[in-house]
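Commentary on secondary and tertiary structure
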2 protein chains.
Amino acid sequence: MTRLLLVEDDSTLARALAITLRTRSYVVTVARDGGSALRDASSSRPDVIVLDLGLPDMDGVDVIRSLRTWTQTPIIVLSARDGQRDKVAALDAGADDYVAKPFGIEELLARLRAASRRAAPREDEPVVSAGDLVIDLAAARVRRAGLDVRLTPTEWHVLEVLVRRRGTLVARADLLREVWGPAYERQTNYLRVYLAQLRAKLEADPSRPTHLVTESGLGYRFEP
Amino acid sequence: MTRLLLVEDDSTLARALAITLRTRSYVVTVARDGGSALRDASSSRPDVIVLDLGLPDMDGVDVIRSLRTWTQTPIIVLSARDGQRDKVAALDAGADDYVAKPFGIEELLARLRAASRRAAPREDEPVVSAGDLVIDLAAARVRRAGLDVRLTPTEWHVLEVLVRRRGTLVARADLLREVWGPAYERQTNYLRVYLAQLRAKLEADPSRPTHLVTESGLGYRFEP
DNA sequence: CCGGGCCGTCAAGGTTCCGTCAAGAAAACC
DNA sequence: GGTTTTCTTGACGGAACCTTGACGGCCCGG
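A brief look at the structure comes next. (Residues numbered from 1 in each chain as written. Chains lettered and ligands numbered in written order. Predicted model: local features only at pLDDT ≥ 70, side-chain atom pairs only at ≥ 80, totals over all residues. Heavy atoms only, no water.)

**Structural notes on the protein's contact with DNA strand C**
As a structural note, the neighbourhood of DNA strand C is formed by 18 residues, with Arg172, Thr214 and Gly217 of chain A together with Arg192 and Thr214 of chain B the closest of them. Every element with two or more residues in the surface near DNA strand C is listed here: helix H8 (188–202) of chain A together with helix H8 (188–202) of chain B. With four residues, the top contributor of residues to the surface near DNA strand C is H8 of chain A. For the surface near DNA strand C, a count of residues per class yields four nonpolar, eight polar and six charged. (Near = heavy atom within 4 Å. Helix = DSSP H or I, 4+ residues; strand = E, 2+ residues; numbered from the N terminus. Nonpolar A, V, L, I, M, F, W, Y, C, P; charged D, E, K, R; others polar.)

Below you can see the structure in the form of structure tokens.
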């Protein structure tokens, strides 16, 4: 499951690409201009960014430069301009790859695989500690009082989403969508079950949680 | 000072490229066919490889695959063939980038800069020990309680991937992709077989592993 | 005071996943 | 060319996991 941010102002192309990418099990977010691209990148922390250089509000190369001030996430540039100068400028600004339009979808997919294959192990997903809990997002490991805690895949997934947005409220529907998919946005009973299991494994007093907090009627929050 | 291996059978083009690259302060070695490319790569340990796919003695994609069995050195492919299939095959075999001929020299230089910018910093501690195990990643050798353990190529490859990311979870699909290639991401039975074999050779009690740990539903982890 | 959401808890199917074994196919070796 | 090693594939029991439904407590408004 790779989270992908697609920055493309042509909504027809954006939709077509998003559909194809999703069938290849990418989790796709779409941004339509440079400003929202920068915002989305910092809030949703994608694993890879696909960026069209021709944007309505700002120069694509400047978008790359801004991103590179704080993240190493692979950036693959799409462009209708096939000029040498654009390629060199984009690559030197920090892009990882450059694909000229028109391109084949298989080529884009192959370049995506190549990009994420060599992606540096993420350092911008640090180790989060809270009380006697230590949660290492990169290593997918949880310790409580120094001892490894065994989580099931779904338990881990739920915890991961909450910890990634630690301190902020995660709406029930958001959580369900990220873990189980858009079709499960109303299965709130899943959350009750899994939050209970996580509390049993992680909280000192599961009936009075201090880290996995319920916001009644809204959602859940991880409290560092 | 970057050491660069140029694999190109057209001697006119090879000479022209070598001259240009040297003026940009690359240290260039030239190989004229796949066989010498593989030899040179292992003897001179270049920092980056530029590879023409059209070689007299063997298929360029096979050259990539051979290189990728033992090194992560960035590979940039040059090719006169601009076909989708060639690109996808080369990238999936492990190439980092693909430049179609004719290309501008500035583009190639920019892609070289991009490739070495994101190159992983060299491993400084290639010998990993865990309990009575000693694993030498550079020498491809494993000892248990001082005695050499004999591993098959695939067993070693699996162990290598796990040990490189020691302590962190390696997802099933990641492991399959790195060892067998992207087409095998769902062949989870391979993992079951090879993990069992590795445990039989490396673990004190293979049915209760302490180093090669299963994370049910997620993947495997090497525990130092 | 009582009913309806909402949440936490529990346990029982049913499904998926893992370890194990074995045997045939392919590759490497001599 | 024959032998040995290695890889691939299938099957199966058991374990781990997900889903689902039911029940009770709590809070709030009627």
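There is more to say after this.
**Some points on helix H4 (residues 84–93) of chain A**
When H4 of chain A is considered as a whole, its buried residues turn out to be Lys87, Val88, Ala90, Leu91 and Ala93 of chain A. Against the buried residues of H4 of chain A lie helix H3 (60–68), strand S4 (75–79) and strand S5 (97–100) of chain A together with helix H5 (105–117) of chain B. A positive phi of about 125 degrees marks Gly94 of chain A, the residue just after H4 of chain A. (Buried < 20%, exposed > 50% of the residue type's maximum accessible area, 1.4 Å probe, protein only. Contact = heavy atoms within 4.5 Å.)

**Considering the protein's contact with DNA strand D**
Near DNA strand D lie 19 residues; those nearest to it are Thr154 and Tyr190 of chain A together with Thr152, Thr154 and Tyr190 of chain B. Between DNA strand D and Tyr194 of chain A there is a distance of 3.2 Å, counted from a sugar or linking oxygen to a side-chain nitrogen or oxygen. In this structure, a phosphate oxygen belonging to DNA strand D sits 3.3 Å away from a side-chain N or O atom of Arg150 of chain B. Put simply, the parts of the chain that give the surface near DNA strand D at least two residues each are helix H6 (153–164) and H8 of chain A together with helix H6 (153–164) and H8 of chain B. Broken down by element, the surface near DNA strand D gets its largest block of residues, five residues, from H8 of chain B. (Polar contact = N/O pair within 3.5 Å; in protein donor to acceptor, adjacent residues only side chain to side chain.)

**Thoughts on unusual backbone geometry**
Comment: phi is negative for the bulk of residues other than glycine, and the bulk of peptide bonds are trans. Here Lys101 of chain A and Pro102 of chain A are connected by a cis peptide whose omega angle stands at -5 degrees. Turning to its location among the elements, Pro102 of chain A is positioned in the loop between S5 and helix H5 (105–117). Positioned with a positive phi, Ala145 of chain A is a non-glycine residue whose angle comes to about 55 degrees. Its location among the elements puts Ala145 of chain A in the loop between strand S8 (141–144) and strand S9 (147–149). A residue is classified by how much of its surface remains accessible, and Ala145 of chain A, at 57% relative accessible area, is exposed. Phi angles above zero are rare outside glycine, and Ala140 of chain B is one such case at about 55 degrees. By secondary structure assignment, the location of Ala140 of chain B is in the loop between strand S7 (133–136) and strand S8 (141–144).

**With respect to the nonpolar core**
Counting 27 residues, the largest nonpolar core has Leu159, Leu162, Leu175 and Phe222 of chain A as the members making the most contacts within it. For this core, the secondary structure elements donating two or more residues are strand S6 (127–130), strand S7 (133–136), H6, helix H7 (172–180), H8 and strand S12 (219–222) of chain A. Excluding its chain neighbours within four sequence positions, the residues that come into contact with Leu162 of chain A are Val170, Leu175, Leu195, Leu212, Tyr220, Arg221 and Phe222 of chain A. The next biggest cluster of nonpolar side chains, apart from the first, holds 25 residues, and it includes Ala130, Trp156, Leu175 and Val179 of chain B. (Core = buried A, V, L, I, M, F, W, Y, C linked by side-chain atoms within 4.5 Å.)

**Comments concerning the pairing of strand S11 (residues 212–215) of chain A**
Relative to S12 of chain A, S11 of chain A is paired through four bridges, and the arrangement is antiparallel. Following the sheet pairing, Thr214 of chain A is matched in S12 of chain A by Tyr220 of chain A. (Pairing = 2+ DSSP bridges.)

**Considering the packing of helix H7 (residues 172–180) of chain B against H8 of chain B**
Residue and element names in this part refer to chain B. Interhelical geometry of H7 versus H8 gives an angle of 80 degrees and a closest axis separation of 10 Å. With respect to their mutual orientation, H7 and H8 come out roughly perpendicular. Residues Arg172, Leu175, Leu176 and Trp180 of H7 form the contact with H8, whose own contacting residues are Thr188, Tyr190, Leu191 and Tyr194. Split into classes, the residues belonging to the contact of H7 with H8 amount to six nonpolar, one polar and one charged. (Axes fitted to C-alpha atoms, helices over the stretch in contact; angles between N-to-C directions. Parallel < 35°, antiparallel > 145°, perpendicular 65-115°, else oblique.)

**Concerning the side chain of Lys87 of chain A**
Along the chain, Lys87 of chain A turns up in helix H4. Filtering out sequence-adjacent residues up to four positions away, Lys87 of chain A remains in contact with Asp82 and Tyr98 of chain A together with Glu107 and Arg111 of chain B.

**As for the sheet that holds strand S11 (residues 212–215) of chain B**
Residues and elements named next belong to chain B. Ordered by their spatial adjacency, three strands build an open sheet running S10-S12-S11, and the pairing between neighbours is antiparallel. Strands at the two margins of the open sheet, each flanked by one partner only, are strand S10 (169–171) and S11. In this sheet, neighbouring strand axes are inclined to one another by 30 degrees on average, regardless of whether the strands run parallel or antiparallel. In this sheet, strand S12 (residues 219–222) lies alongside S10 in antiparallel orientation, the contact comprising three bridges.

**Considerations on the pairing of strand S3 (residues 48–52) of chain A**
Residues and elements named next belong to chain A. Buried residues dominate S3, accounting for five of its five residues. In terms of strand pairing, strand S1 (residues 2–7) meets S3 through four bridges, oriented parallel. Bridge pairing in S3 places Leu5 opposite Ile49. Pairing geometry for S3 and S4, over four bridges, is parallel. When the sheet's bridge partners are listed, Val50 is paired in S4 with Ile76. The handedness of the S3 to S4 crossover, carried by H3, is right-handed. (Right-handed = clockwise from strand over helix to strand, strands pointing away.)

**Focus on the packing of aromatic side chains**
Per the counting criterion, the structure on display carries six aromatic pairs over all chains. Judged by centre distance (6.0 Å) and plane angle (40 degrees), the rings of Tyr184 of chain B and Tyr190 of chain B are tilted. A relative accessible area of 28% places Tyr190 of chain B in the partly exposed class. Taken together, the aromatic side chains of Trp180, Tyr184, Tyr190 and Tyr194 of chain A make up a single cluster linked through ring pairs. (Phe/Tyr/Trp six-rings, centres within 6.5 Å; stacked < 30°, edge-to-face > 60°.)

**Examining the pattern of salt bridges**
The full count for this structure, using the stated rule, is 45 salt bridges over all chains. The shortest N-O distance in the salt bridge between Arg165 of chain A and Glu178 of chain A comes to 2.5 Å. Of this pair, Arg165 of chain A sits in the loop between H6 and strand S10 (169–171) while Glu178 of chain A sits in helix H7, and the two are 13 residues apart along the sequence. Among the ionic pairs, Glu185 of chain B bridges to Arg177 of chain B, the shortest N-O distance being 2.6 Å. Classification of Glu185 of chain B as partly exposed rests on a relative accessible area of 26%. By relative accessible area, which is 28% here, Arg177 of chain B ends up partly exposed. When salt bridges that share partners are traced, they join Lys87, Asp97, Glu107 and Arg111 of chain A together with Lys87, Asp97, Glu107 and Arg111 of chain B into one network. (Salt bridge = Lys/Arg side-chain N within 4 Å of Asp/Glu carboxyl O.)

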